[in-house]
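Structural features, examined
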Amino acid sequence: MQGKRLVSLLLVLTLALGMTLQVRASSIEETKKKGEALEAQKSTAEAEEKALADQLNTLITEMDQTAEQITQKQEEISIKEDELIQAQIDENNQYESMKKRIKYMYENGNTQFIEILFESKSISDLLNNAEYITQISEYDRDMLDEFKETVQRVNDQKTALEGEKAELEALQVQLQEKKDEVAVLLEEKAEQISNLEVAIGENAAKLKALQEEAERQERLRKEAEEAARRQQQSSSNNSGSSNNNYTAGPSISAPSGGGGLSNPCPSGYVSSYFGGRNSPGGIGSTNHKGQDFAAASGSPIYAAAGGTVTTVSYSGARGNYVVINHGGGLSTLYQHCSATYVSSGQSVSCGQNIAAVGTTGISTGPHLHFEVWQNGIPVDPSNYL
């Protein structure tokens, strides 16, 4: 009787272990499916991360190209500024020449022209001489109009280039904003992938624990079945013998320079000379078209010689600048000014205070960038100072 109860107990325990294994199998299947879902999410996130990285690289390439275009536009603007300065100088020279001829005619009258007419040997010669005198006057007016048109055309071209540069700079700002947005999304996507990898790792550990527990439970079930089988066999063999001869089966555990120009900035010192040099900031090299005088901001800048102011303007590279035409093809330029005290068309004398030292435009500190032009070409100022 006691053997039958023990067999029944073993059978119940085996049944309970079987039910537990079914529950474990269900949990293992659910954990496997969760792992597959997490892997699918990770694959999707990695594909999205790659797309974002490609988009970021494309934006960086577009920004580099736009930066190159902006630099090119600035170079084109600088060229147009030089052309504009020379056109203004040419206009001033033509105007000065016309004023001299008008002054000569006013002071000497028209006697020379009358003499030319009286020297005519025929009506045809007389008409030709009269036409020649008229052409001189018309030439002056035509040349002045032509130079004015040139100044206007170059100025319009410079304005158009500045507009194109502004559009490129606005595009660069938009690209930077988009780049920042994509960078944030990329960072968030990387964090999502990291979290998924953690979840996948935790799920894999859980799956391993469930599988190990299922294997242990399976072993226990088999041991319980084997114990029940042996006990049942033993009970059958000893069915007629005394209970005192009964031997119990195994126990089962529960699961668990000096050239005529004066110094334009005597309060400063020469910090950079004309010609090749390292560019400001120490990156690359450049052809320095002038001579720099380092001085305190606000220090006076003087006209290096007497002449006519042809330009008082501002540009992104030069900052506030002044151009003086001294005649004979000689001009001087004064750049990066914090303030200017003269206006276009004004006559100035040598040593007149025309501006103040500053750091406007492309500049690494307060200084005067002084250029000397001879017939429209920048030359070494040391040879003229």
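On a predicted model such as this, the values are computed, not experimentally measured, just so you know.

So, about the overall build of the protein chain. A count of helical and extended segments in the protein chain gives 3 helices and 13 strands. Here the protein chain holds 385 residues, and 34% of them are scored as buried. Looking at the protein chain as shown, the accessible area adds up to about 22500 Å², and 52% of this sits on carbon and sulfur atoms.

So, about the pairing of strand E6 (residues 307-315). Taken together, the 2 bridges between E6 and strand E10 (residues 347-348) define a ladder with antiparallel strand orientation. Of the residues in E10, the one forming a bridge with Gly307 is Val348. Pairing between E6 and strand E7 (residues 319-327): 7 bridges, direction antiparallel. Paired with Ser313 across the bridge in E7 is Tyr321.

In this section: the sheet that holds strand E5 (residues 300-302). One open sheet accounts for 3 strands, arranged E5-E11-E9; its pairing is antiparallel. The strands lining the two open edges of the sheet, one partner per strand, are E5 and strand E9 (339-340). Of the strand pairs in this sheet, E9 and strand E11 (residues 353-356) are connected by 2 bridges, and their pairing is antiparallel. Bridge pairing in E11 links Thr340 to Ala355.

Applying the stated criterion across every chain, the model contains 2 aromatic pairs. Centroid distance Tyr334 to Phe370: 5.3 Å. Interplanar angle 50°. Geometry classified as tilted. You can see Tyr334 sitting in strand E8 (residues 330-337) and its partner Phe370 sitting in strand E12 (residues 367-374), a full 36 residues away along the chain. Through successive ring pairs, a cluster of aromatic residues spans Phe293, Tyr334 and Phe370.

Time to look at a negative patch on the surface. On the surface, Glu138, Asp142, Asp145, Glu146 and Glu149 cluster together into a negatively charged patch. As for its placement among the helices and strands, Asp145 is situated in helix H3 (residues 123-237).

Okay, the side chain of Thr332 next. Position of Thr332 among the secondary structure elements: in strand E8. Thr332 sits in the buried class, given a relative accessible area of 0%. A distance of 2.7 Å separates polar atoms of two side chains, one belonging to Thr332 and the other to His326. Here Tyr334 takes part through its side chain, which lies 2.8 Å from a polar atom of the side chain of Thr332. Setting aside residues up to four positions removed in sequence, Thr332 forms contacts with Leu261, Val322, Val323, Ile324, His326, Phe370, Glu371 and Val372.

Right, let's talk about the state of the cysteines for a bit. Here is the idea: a disulfide is a covalent bond, and it sits between the sulfur atoms of two cysteines. This model, assessed by the stated rule, comprises 0 disulfides. As a non-bridged cysteine, Cys337 has Cys265 as the owner of its nearest cysteine sulfur, 9.9 Å distant.

All right, on to unusual backbone geometry then. Most peptide bonds take the trans form, and the phi angle of most residues other than glycine is negative. Positive phi is not limited to glycine here, since His336 has a value of about 65°. Mapped onto the fold, His336 is located in strand E8. Since its relative accessible area comes to 6%, His336 is described here as buried. Even without being a glycine, Asn375 presents a positive backbone phi close to 55°. As for its position among the elements, Asn375 is in the loop between E12 and strand E13 (377-379). You can call Asn375 exposed: its relative accessible area is 56%.

Analysis parameters
- Along every chain, residues carry numbers that run from 1 in the direction the sequence is written.
- With pLDDT at 70 or above as the cut-off, local features in this predicted model cover only qualifying residues; side-chain atom pairs require 80 or more to be listed or tallied, and sums for whole chains, interfaces and linings still use all residues.
- By convention in this description, side-chain values take in all heavy atoms of the structure and omit both hydrogens and water.
- Under the DSSP-based scheme used, a helix requires at least four consecutive residues in state H or I and a strand at least two consecutive residues in state E, with every element numbered from the N terminus.
- Accessible area is worked out with a 1.4 Å probe on protein chains only. A residue is then buried under 20% of its type maximum, exposed over 50%, and partly exposed in between.
- The Shrake-Rupley method, run with a 1.4 Å probe, gives the accessible areas here. Residue values count only the displayed protein chains as cover.
- Pairs of strands are assigned from DSSP output, requiring at least two bridges between the strands.
- Aromatic rings from Phe, Tyr and Trp, taking only the six-membered ring of Trp, are treated as a pair when their centres fall within 6.5 Å; an angle between ring planes under 30 degrees marks them as stacked, one over 60 as edge-to-face, and anything in between as tilted.
- Patch definition: residues with relative accessible area over 30% and no salt bridge; like charges joined within 9 Å; nonpolar side chains (Val, Leu, Ile, Met, Phe, Trp, Tyr) joined within 5 Å.
- Within this document, salt bridges are pairs made up of a side-chain nitrogen of Lys or Arg and a carboxyl oxygen of Asp or Glu, the two lying within 4 Å of each other.
- For the purpose of counting charges, residues Lys and Arg are taken to be positive, whereas Asp and Glu are taken to be negative. His and the chain ends are not included.
- Every charge is mapped to an atom, namely NZ of Lys, CZ of Arg, CG of Asp or CD of Glu.
- Counting of polar contacts relies on pairs of N or O atoms within 3.5 Å, with two restrictions inside protein: one atom must be capable of donating a hydrogen and the other of accepting it, and residues adjacent in sequence are counted only when both atoms are side-chain atoms.
- What makes two residues a contact is simply this: any of their non-hydrogen atoms within 4.5 Å.
- When the sulfur atoms of two cysteines come within 2.5 Å, that pair is taken as a disulfide.

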